[in-house]
Amino acid sequence: MALAAAKRRPALIDLAAASFENTFVHELPGDPVLVNMPRQVANACYTRVAPTAVATPRLLAWSDAMGELLGLARPSALGLEVLAGNRVLAGMEPYAARYGGHQFGHWAGQLGDGRAITLAEVMATDGSRQELELKGAGKTPYSRTADGRAVLRSSLREFACSEAMFHLGVPTTRALSLVGTGEEVIRDMFYDGHPRAEPGAIVCRVAPSFVRFGNFQILAANNELEALKQLADYVIRHHYPGHSYASWYQELCRRTAALMIDWMRLGFVHGVMNTDNMSILGLTIDYGPYGWLEGYDPMWTPNTTDAQGRRYCYGNQPAIAQWNLARLAEALLPLLEREALEEGLNRYAEAFNDGWRRALAAKLGLASVQTDDEELARELLVALTETETDFTLFFRRLAAVPLEGSGEALLAPLAPAFYGAQAAHERLAAWLRRYVARARAEGPDRPQRMASVNPKYVFRNYLAQQAIDALEAGDAGPLERLMRVLRRPYDEQPESEEFAARRPEWARSKPGCSALSCSS
Ligand code: AMP
Ligand code: MG
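What you see is a predicted model; the values in this text were computed from it and never measured.

Remark: the empty space left among the atoms is shown by a probe the size of a water molecule rolled over them. Counting across every chain of the model gives three cavities of 30 Å³ or more. One number sums up the size of the largest cavity: a volume of about 70 Å³. If you go around the largest cavity, you meet 13 residues; those closest to its centre are Tyr95, Ala97, Glu131, Phe210 and Val211. Counting only elements with at least two residues in the lining of the largest cavity, the list comes to strand 3 (95-97) and strand 7 (129-135). Partitioned by chemical class, the residues of the lining of the largest cavity number six nonpolar, three polar and four charged.

Here it is in structure tokens:
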């Protein structure tokens, strides 16, 4: 009998020993001016710029999952210098990308990588090409009046949440490392005239491309049509091979719809869906004042800066994504027929509506959508708004509701999901009676199917804040533990129950623990 060969893992190497490519720089028009001062840039997709060195780099966290995909080991002293922006290795051609965008519905002109600098591309172990980008690496021509830096709290949030999203199965940019700079950054966290010094940090982000809708918009807005065409050709050549302009845009619409379905099914709220924060690959990008639904409320946004208009609240996200796709379509008009763009927007609506219907059915454990199921789901969402019910816990625990039970027995498994007293659940109780009748028609694998789409663990803002407080005090333990749990968000992991708890009352109005500002 032949023995199967043990799966051989290629040895991990140090970043300093890796080889690099720079297709973005080589294949696209760059800014001929090399002066690193805030300015308007013309006829270019990027500006070559080096990171600004920091005082005393320290590795605060490392994503083993990301490192393994890239074939990279935890960094040597030299590797750490690179991840801090203190060293640029031979073969790296760092740049800041030029983009514009609509912010909160208004055209904002040139934005660009004001604090993010792509170092180079590496070939991952799965054959994919991945950009390494340092966020918080110092000023670029796109920094405007800001400092080019990032604080530890926002960097930890980006580092951990991008990895958590990946393990939830959501398309996202990734993160490799979190490096403390040993320097302070001044931020007015509440925008109330009380700036204070905070520890600075740099995240090394990873994605096949960080191109946003706004990279196209700035070129179209300035009538730089040759560069616009070159950027579209580059994106298609590397990321949508075989596509025409029309089918590329339509595929992006489909991917964006799939992304919105993922955000909505998980209760994720991005917080700042400006067109410069929309990925041309349909990835979740730019983790800022994001959050996860606690009590189900379509109007909820974690972003206190958006508390008035609620433009980017949970329930608006699918419509905003379509609005953003329409702004991108306008920028692409010089390249393709209006009809093809309209077709993309129509497909977006169809893909979202159809996928959302199916996602809700899957969350309820229904293997196929039957006549009354849509109404059943709609009624649930109304019932959930009437009592403050934790979105994540409700769906996770729903699988445990006894199908032969009645009255209190139906509600009992859901108790951990309720923020308030349990008295007012009349409507929900009525819904549960309907639900169990419908669920009895499902096979015995229903709870298992539900567990595979309804996570037990999400990166709740209060958990993030606890990890931040510990790390700021010098203890990386809580972050490491949390990252380990979030690698298997759909598994029970009974030993980590505390990370699945609904937001405690003390965190309701504590800054960072539920809602937070854009300051980062
Ligand atoms: P955001 O709201 O984080 O998506 O950023 C919007 C724009 O502001 C982008 O062009 C960022 O690069 C830029 N930006 C944000 N924070 C900073 C900073 N501290 N220094 C320089 N540019 C920044
Ligand atoms: Mg951004």
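On to the layout of surface pockets. One number sums up the size of the largest pocket: a volume of about 940 Å³. Forming the boundary of the largest pocket are 39 residues, of which Arg115, Lys135, Arg144, Cys518 and Ser520 lie nearest the centre. Put simply, the parts of the chain that give the lining of the largest pocket at least two residues each are helix 4 (152-168) and strand 9 (196-207). Ranked by residues supplied to the lining of the largest pocket, first place goes to helix 4 with three residues. Among the residues making up the lining of the largest pocket, the classes are represented as 13 nonpolar, 13 polar and 13 charged. Its volume calculated, the second largest pocket comes out at about 310 Å³. What lines the second largest pocket is a set of 18 residues, and nearest its centre among them are Trp62, Asp64, Arg74, Glu480 and Met483. Mapped by element, the contributors of at least two residues to the lining of the second largest pocket are strand 2 (58-62), helix 2 (64-70), helix 4 and helix 16 (477-486). For the lining of the second largest pocket, the element with the highest residue contribution is helix 16, accounting for five residues. Within the lining of the second largest pocket, the residues separate by chemical class into 10 nonpolar, two polar and six charged.

The next point concerns the side chain of Glu294. Considering the arrangement of structural elements, one finds Glu294 in the loop between strand 11 (291-292) and helix 8 (317-332). A distance of 2.9 Å separates the side chain of Glu294 from the side chain of Ser514, its partner in a polar contact. Sequence-distant contacts of Glu294, defined by excluding residues within four places in its chain, comprise Thr389, Asp390, Phe391, Tyr419, Arg460, Arg503, Cys513 and Ser514.

Turning our eyes to something else, we now look at a nonpolar patch on the surface. Residues Val33, Val35 and Met37 make up a contiguous nonpolar surface patch of about 260 Å² in total accessible area. In this fold, Val35 is placed in the loop between helix 1 (23-27) and strand 1 (46-48). A relative accessible area of 46% places Val35 in the partly exposed class.

This part is about the site of ligand 1. With respect to spatial proximity, 17 residues lie near ligand 1, and among them Gly112, Gly114, Arg144, Asp147 and Gly148 are the closest. Here Arg144 contributes a side-chain N or O atom positioned 2.7 Å from an oxygen atom of ligand 1. For ligand 1, a nitrogen atom lies 3.3 Å from a polar atom in the side chain of Arg187. Here ligand 1 loses 81% of its free accessible area of 480 Å² to cover by the protein chains. A per-class count over the shell around ligand 1 returns three nonpolar, six polar and eight charged.

Spanning 12 residues, helix 15 (residues 461-472) covers 16 Å between terminal C-alpha atoms, matching the ideal 16 Å at 1.5 Å per step. Taking burial as the measure, the 12 residues of helix 15 include nine buried ones, the bulk of the element. Along helix 15, the residues classified as buried are Asn461, Tyr462, Leu463, Ala464, Gln465, Ala467, Ile468, Ala470 and Leu471. Next to the buried residues of helix 15 lie strand 2, helix 4, strand 8 (174-187), strand 11 and helix 16. Residue Gly474 follows helix 15 closely and has a positive phi angle near 95°.

Another aspect to go through is the environment of Trp292. Looking at the secondary structure, you find Trp292 in strand 11. In this structure, the C-alpha to C-alpha distance between Trp292 and Thr392, residues 100 residues apart in sequence, is 8.5 Å. A distance of 3.0 Å separates a polar atom in the side chain of Trp292 from the backbone oxygen of Phe459.

Taken as a whole and assessed by the stated rule, the structure comprises 43 salt bridges. Residues Arg74 and Asp64 are paired through a salt bridge, measuring 3.7 Å at the closest nitrogen-oxygen approach. Separated by 10 residues along the polypeptide, Arg74 in the loop between helix 2 and helix 3 (77-83) and Asp64 in helix 2 bring together distant segments of the chain. Taking relative accessible area as the criterion, Asp64 reaches 34% and is therefore assigned partly exposed.

A few words now on the coordination of the magnesium ion (ligand 2). Within the protein, the atoms that donate to the magnesium ion (ligand 2) are Asn277 (OD1) and Asp286 (OD), at distances of 2.0 to 2.2 Å. Of the residues examined, Asn277 reaches a relative accessible area of 10% and is grouped as buried.

Here the focus is the packing of aromatic side chains. Where two aromatic rings form a pair, the distance of their centres and the angle of their planes describe that pair. This model, assessed by the stated rule, comprises 21 aromatic pairs. Judged by centre distance (6.0 Å) and plane angle (55°), the rings of Phe24 and Tyr46 are tilted. Note that Phe24 is positioned in helix 1 and Tyr46 in strand 1, a separation of 22 residues in sequence. Residue Phe24 shares its accessibility class with Tyr46, and that shared class is buried. When the centroid spacing of 5.5 Å and the interplanar angle of 85° are considered together, the rings of Phe24 and Tyr234 count as edge-to-face.

Inspection of the sheet shows strand 4 (residues 100-103) paired to strand 5 (residues 106-110) by three bridges, in the antiparallel sense. Paired with Gly100 across the strands is Gln110, a residue of strand 5. Counting the residues between successive antiparallel strands, the hairpin from strand 4 to strand 5 contains two residues, one of them, Phe104, with a positive phi of roughly 50°.

Each value, and the rule that gives it
- Residues numbered from 1 in each chain as written.
- Chains lettered and ligands numbered in written order.
- Predicted model: local features only at pLDDT ≥ 70, side-chain atom pairs only at ≥ 80, totals over all residues.
- Heavy atoms only, no water.
- 1 Å grid on protein atoms, 1.4 Å probe; cavity = no way out; pocket = protein on both sides within 12 Å on 5 of 7 lines; lining within 4 Å.
- Points joined across faces, edges and corners; volume = space filled by probe spheres on them.
- Helix = DSSP H or I, 4+ residues; strand = E, 2+ residues; numbered from the N terminus.
- Nonpolar A, V, L, I, M, F, W, Y, C, P; charged D, E, K, R; others polar.
- Polar contact = N/O pair within 3.5 Å; in protein donor to acceptor, adjacent residues only side chain to side chain.
- Contact = heavy atoms within 4.5 Å.
- Patch = residues over 30% accessible without salt bridge, like charges linked within 9 Å, V, L, I, M, F, W, Y side chains within 5 Å.
- Areas by Shrake-Rupley, 256 points an atom, 1.4 Å probe, with all protein chains shown as cover.
- Salt bridge = Lys/Arg side-chain N within 4 Å of Asp/Glu carboxyl O.
- Buried < 20%, exposed > 50% of the residue type's maximum accessible area, 1.4 Å probe, protein only.
- Near = heavy atom within 4 Å.
- Expected span 1.5 Å × (residues − 1).
- Donors = N, O, S within 2.8 Å, 3.2 Å for Na, K, Ca; no water.
- Phe/Tyr/Trp six-rings, centres within 6.5 Å; stacked < 30°, edge-to-face > 60°.
- Pairing = 2+ DSSP bridges.

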